[in-house]
Amino acid sequence: STSGVDSRIWMGKSFTGETIAINDVSGEERNGVIFKGKIVKAEFRELKSGRTLLSFQIADKTNGISAKKFIDVSKGAGNPNAKYRRKDSMTPEGFDALQKNLKEGVFVRVHGDVKY
């Protein structure tokens, strides 16, 4: 794409690595895992702090797992000179696209830490 943005990345950075079955981490904590599966449910909830809590469930053939991510939306996101910008903040456009893309029935690859 001309903007230099990979449209397959909806949030965060690009990552590579082997996906593992959700069942393989059932009941344990593990960092840096990659799952591939279908979004079963997704909810965006705005908090009093102004941040948004994204909660979603993802399922593969073996099992399902819940995920949570706090999102900061900032008009200054992506601008290195913007004041008070949080490291992981998203642009309003990026957040809008995320809300449109991340919905029930969509297949995704996610990278994160499993916490009990």
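Above this text sits the structure in question.
Bear in mind that the values here come from a model prediction, so they are computed numbers and not experimental data. (Residues numbered from 1 in each chain as written. Predicted model: local features only at pLDDT ≥ 70, side-chain atom pairs only at ≥ 80, totals over all residues. Heavy atoms only, no water.)

**Student:** Hey, could you run me through the side chain of S55 in this one?
**Tutor:** Turning to its location among the elements, S55 is positioned in strand β2 (residues 52–59). Overall, the relative accessible area of 18% leaves S55 in the buried class. When near neighbours in sequence (up to four residues on either side) are disregarded, S55 contacts K41, A42, E43, A67 and K68. (Helix = DSSP H or I, 4+ residues; strand = E, 2+ residues; numbered from the N terminus. Buried < 20%, exposed > 50% of the residue type's maximum accessible area, 1.4 Å probe, protein only. Contact = heavy atoms within 4.5 Å.)

**Student:** What is the right way to read the sheet that holds strand β4 (residues 107–114) from this model?
**Tutor:** Strand-to-strand pairing in sheets goes through backbone hydrogen bonds, with the strands running parallel or antiparallel. Spatially, the four strands line up as an open sheet ordered β3-β2-β1-β4, and their pairing is antiparallel. Each edge of the sheet is formed by a strand with only one pairing partner; in this case those strands are β3 (64–71) and β4. Shown here is a sheet whose adjacent strand axes are inclined to one another by a mean of 50 degrees, direction ignored. Contacts from helix α1 (residues 92–101) reach β1 (30–46), β2 and β3 within the one sheet, and its direction differs from that of β1 by about 90 degrees. (Pairing = 2+ DSSP bridges. Axes fitted to C-alpha atoms, helices over the stretch in contact; angles between N-to-C directions.)

**Student:** Got a minute to help me understand the pattern of salt bridges in this structure?
**Tutor:** Opposite charge on two side chains permits them to pair, given that their charged atoms come into close proximity. For the structure shown, the criterion picks out four salt bridges. Here D72 makes a salt bridge to R51, at a shortest N to O gap of 3.4 Å. Within this pair, whereas D72 is found in the loop between β3 and α1, its partner R51 is found in the loop between β1 and β2, the two being separated by 21 residues in sequence. Residue D72 is classed as buried on the basis of its relative accessible area, which comes to 12%. Owing to a relative accessible area of 27%, R51 belongs among the partly exposed residues under this scheme. (Salt bridge = Lys/Arg side-chain N within 4 Å of Asp/Glu carboxyl O.)

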